[in-house]
Amino acid sequence: MATAAKDELSPEDHVAKGAPVIVIEHLFKKFGKNVVLKDFNLTVHQEENVVVLGKSGAGKSVLIKCVIGLLKPDSGKILVFGDNVPGLSPDELDRVRTKIGFLFQANALYDSMTVRENLEFPLRRHWIDLTPKQVNQMVSEALENVGLKNTVDMMPAELSGGMLKRVALARTLILKPEIILYDEPTTGLDPVTSREIDSLILKLQKKYHTSSIVISHDMNCVKNIADRVILLLEGKCYADGTYDELAHSADEKIKQFFE
Ligand SMILES: Nc1ncnc2c1ncn2[C@@H]1O[C@H](COP(=O)(O)OP(=O)(O)OP(=O)(O)O)[C@@H](O)[C@H]1O
């Protein structure tokens, strides 16, 4: 059953869980007087897709930026494979970031670079010592994974919204991250393309055994890809359960998201 605040389900209550890969404990983050995260707790397990629901301004993006170390929380722990992200040195953070892929809402592709150059970028950024042949193979494999091998020499401006999202996903996957953070993966796409992206996310998750935190307002996307849904409200994990559990909740604050 979906639970709210006080009687939150423990992770053990959910079936088929792998080992914890992200453990967030007592996270607090404020900007001036604006307290965004207030004793937020969450555990994400291996091969689990956790979708974060919440109103605009609830703190969903702040949460994933804290996980990847782009924002520093005021207090609390964010353990990624046992490393406490807020306490890492820049070099250690860079090492942990190679395990975390981040798919931005706006794709964040470089308009002046070809698809190939965009995909090579993370390999160069993380100083990975690879031969040109290996780089070529990695780019081909990443594009093949998203069904876009023939776009390798195209510019982003020549691609549709769905194709851009696939290329961005290929770039996220090129370092074979163990965790992927998705910020609104289907926003701005038509319903058919959105469902194709959902299927691709699930297919690649199974292939590479990744774990994910997904921010989404697209309830079809939530239904399709969530193993678990949490509701971020007033800085806390207000509800935690499967899509069906939350969808059938009698709690008015939860119901709003499923109407
Ligand atoms: N760098 C920052 N400096 C100051 N305030 C910030 C900063 N980043 C986020 N905030 C504030 O934190 C709060 C949460 O923002 P956040 O972007 O996480 O919301 P969200 O839940 O992702 O919303 P949306 O669904 O609209 O994207 C907002 O009040 C926002 O103004």
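Here goes a summary of the coordinates provided. The structure displayed is predicted, hence computed values, not measured ones.

**Quick look at the nonpolar core**
One recurring pattern in soluble globular proteins: nonpolar side chains tend to sit buried together.
Right, so step 1: Val51, Val52, Leu63, Val67, Ala170, Ile230 and Leu232 are the most contacted members of the largest nonpolar core, which has 62 residues in total.
Right, so step 2: If you tally residues by element for this core, the top one is helix 5 (residues 161–173), at 6 residues.
Right, so step 3: Here this core spans two domains, and each of domain 1 (1–99 + 178–250) and domain 2 (104–176) adds at least three residues to it.
Right, so step 4: Not counting the four nearest positions on each side in its chain, Leu63 is found in contact with Leu37, Phe40, Val52 and Leu232.

**Comments concerning helix 4 (residues 132–145)**
Right, so step 1: Across its 14 residues, helix 4 extends 20 Å between first and last C-alpha, which sits within 8% of the 20 Å expected from 1.5 Å per residue.
Right, so step 2: Among the residues of helix 4, those classed as buried are Met138, Val139, Ala142 and Leu143. In a view along the axis of helix 4, the buried residues occupy a sector of 125°, so they form one face of it. Projecting away from the buried face of helix 4 at angles above 90 degrees are the exposed residues Lys133, Gln134, Gln137 and Glu144.
Right, so step 3: At the exit of helix 4 stands Gly147, carrying a positive phi of roughly 70°.

**Here's the deal with the site of the ligand**
Right, so step 1: The immediate surroundings of the ligand are formed by Phe31, Asn34, Val36, Gly54, Ser56, Gly57, Ala58, Gly59, Lys60, Ser61 and Val62.
Right, so step 2: Of all the secondary-structure elements, those providing two or more residues to the shell around the ligand are strand 3 (34–45) and helix 1 (60–67).
Right, so step 3: Across the shell around the ligand, the residue classes break down as 4 nonpolar, 6 polar and 1 charged.

What counts and how
- Residues numbered from 1 in each chain as written.
- Predicted model: local features only at pLDDT ≥ 70, side-chain atom pairs only at ≥ 80, totals over all residues.
- Core = buried A, V, L, I, M, F, W, Y, C linked by C-beta atoms within 7 Å.
- Buried ≥ 20, exposed ≤ 12 C-beta atoms within 10 Å, placed from the backbone.
- Helix = DSSP H or I, 4+ residues; strand = E, 2+ residues; numbered from the N terminus.
- Domains from an automatic or database assignment.
- Contact = placed C-beta atoms within 7 Å.
- Expected span 1.5 Å × (residues − 1).
- Arc of directions from axis to C-beta.
- Near = placed C-beta within 6 Å.
- Nonpolar A, V, L, I, M, F, W, Y, C, P; charged D, E, K, R; others polar.

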